[in-house]
Amino acid sequence: MSSSSSTDGGEVIFYQLSTKFVDSERAVPEQSQEVLYYALAVGHHTGVIDCLSEAFRCPMHEYRKLIEMLPEGSQARYKLEGILRHGEIQIDKNHAAYLLVALQNLGQSSAVWLLSFAQSLNRIMRSRTVYLMAREVRP
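Residues numbered from 1 in each chain as written. Predicted model: local features only at pLDDT ≥ 70, side-chain atom pairs only at ≥ 80, totals over all residues. Heavy atoms only, no water.

*Asks:* I would appreciate a short explanation of the overall build of the protein in the present structure.
*Replies:* Within the protein, the regular secondary structure consists of 5 helices and 4 strands. Expressed as a percentage of contacts within the protein between residues at least 6 apart in sequence, the contacts between residues at least 24 apart total 74%. As displayed, the protein has an accessible area near 8600 Å², and 51% of this comes from carbon and sulfur atoms. (Helix = DSSP H or I, 4+ residues; strand = E, 2+ residues; numbered from the N terminus. Contact = heavy atoms within 4.5 Å. Areas by Shrake-Rupley, 256 points an atom, 1.4 Å probe, with all protein chains shown as cover.)

*Asks:* What is the right way to look at the pairing of strand β3 (residues 88-91) in this model?
*Replies:* Sheet faces and side chains relate simply in a regular strand, where the side chains alternate between the two faces. The alternating pattern of β3 places Ile 89 and Ile 91 on a buried face, while none of Glu 88 and Gln 90, on the opposite face, is buried. Relative to strand β4 (residues 132-137), β3 runs antiparallel, the two sharing 4 bridges. Residue pairing across strands places Ile 91 opposite Leu 132, the latter belonging to β4. (Buried < 20%, exposed > 50% of the residue type's maximum accessible area, 1.4 Å probe, protein only. Pairing = 2+ DSSP bridges.)

*Asks:* Teacher, can you tell me more about helix α2 (residues 60-69) here?
*Replies:* In an α-helix there are 3.6 residues to a turn, and that puts residues three or four apart on one side. Among the residues of α2, those classed as buried are Met 60, Tyr 63, Leu 66 and Ile 67. Here the buried residues of α2 occupy an arc of 115° about the axis, which is enough to place them on one side. (Arc of directions from axis to C-beta.)

*Asks:* Help me out: how do you make sense of the nonpolar core in this one?
*Replies:* In globular proteins that are soluble, nonpolar side chains generally tend to be buried together. Core analysis: the largest hydrophobic core is formed by 29 residues, its most contacted members being Phe 14, Tyr 63, Leu 80, Ile 91, Trp 113, Phe 117 and Leu 121. Those elements that place two or more of their residues in this core are β1 (11-22), β2 (48-59), α2, α3 (75-86), β3, α4 (93-106), α5 (112-126) and β4. A total of 6 residues in this core trace back to one element, the largest contributor, which is α5. Leaving out residues up to four positions away in the same chain, Phe 117 has contacts with Phe 14, Phe 56, Leu 80, Ile 91, Leu 99, Leu 103 and Leu 132. (Core = buried A, V, L, I, M, F, W, Y, C linked by side-chain atoms within 4.5 Å.)

*Asks:* What exactly am I supposed to notice about α5 here?
*Replies:* Relative to the 21 Å expected for 15 residues at 1.5 Å per residue, α5 spans 21 Å between its end C-alpha atoms, a close match to the ideal helical length. Along α5, the residues that are buried comprise Trp 113, Leu 114, Ser 116, Phe 117, Ala 118, Ser 120, Leu 121 and Ile 124. (Expected span 1.5 Å × (residues − 1).)

*Asks:* Any chance you could explain the confidence of the model for the protein here in plain terms?
*Replies:* Low pLDDT means the predicted atomic positions in that stretch should not be read closely. Per-residue pLDDT for the protein averages 83, and the proportion of residues at 70 or more is 73%. This stretch, residues 1-6, has a pLDDT under 50; its non-local contacts, to residues over four places away or in other chains, come to 13 contacts. (pLDDT = per-residue confidence, 0-100.)

*Asks:* I would appreciate a short explanation of the pattern of salt bridges in the present structure.
*Replies:* For side chains of opposite charge, pairing can occur when their charged atoms come near one another. Taken as a whole and assessed by the stated rule, the structure comprises 7 salt bridges. Between Glu 11 and Arg 57 there is a salt bridge, with its nearest N and O atoms 2.4 Å apart. Of this pair, Glu 11 sits in strand β1 while Arg 57 sits in strand β2; the two residues are 46 residues apart in sequence, bridging distant segments of the chain. When salt bridges that share partners are traced, they join Glu 72, Arg 77, Glu 81 and Arg 85 into one network. (Salt bridge = Lys/Arg side-chain N within 4 Å of Asp/Glu carboxyl O.)

*Asks:* Help me understand the environment of Glu 54 in this model?
*Replies:* Note on placement: Glu 54 falls in strand β2. By relative accessible area, which is 41% here, Glu 54 ends up partly exposed. Considering only alpha carbons, one finds Glu 54 and Tyr 15, 39 residues apart in sequence, at a separation of 4.3 Å. Beyond its immediate stretch of four places on either side in the chain, Glu 54 contacts Ile 13, Phe 14 and Tyr 15. Engagement of the side chain of Glu 54 in a polar contact is seen with the side chain of Arg 57, the distance being 2.7 Å. (Polar contact = N/O pair within 3.5 Å; in protein donor to acceptor, adjacent residues only side chain to side chain.)

In structure tokens:
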């Protein structure tokens, strides 16, 4: 469990899935694409390797400020508080819609990382295999 002080100097780094490698000798035929999707969904147990690349960063104090602006007890707040509890979270198609609504309900923001976050959530909603991994990094 991750514990942080009120004077956070750390940051949250968001990584986005950039590539998936399937340990296979040949290409997957068109009629098997749905099977490939399920294999990707169950992940590493089937020889799938995820390659993540950094998408954006935000200072921990700004991340905490975002959480505080979300309604107490909401799905979005609980999900994002996962970084405070565990040091990292995964955001996939099951989370993207309600997180995007929560961001939209907060109104316009000039924070570049929030704009990147919203764009990433939209990307996740368009593609069922895209996801984000967010991790707390301390100085």
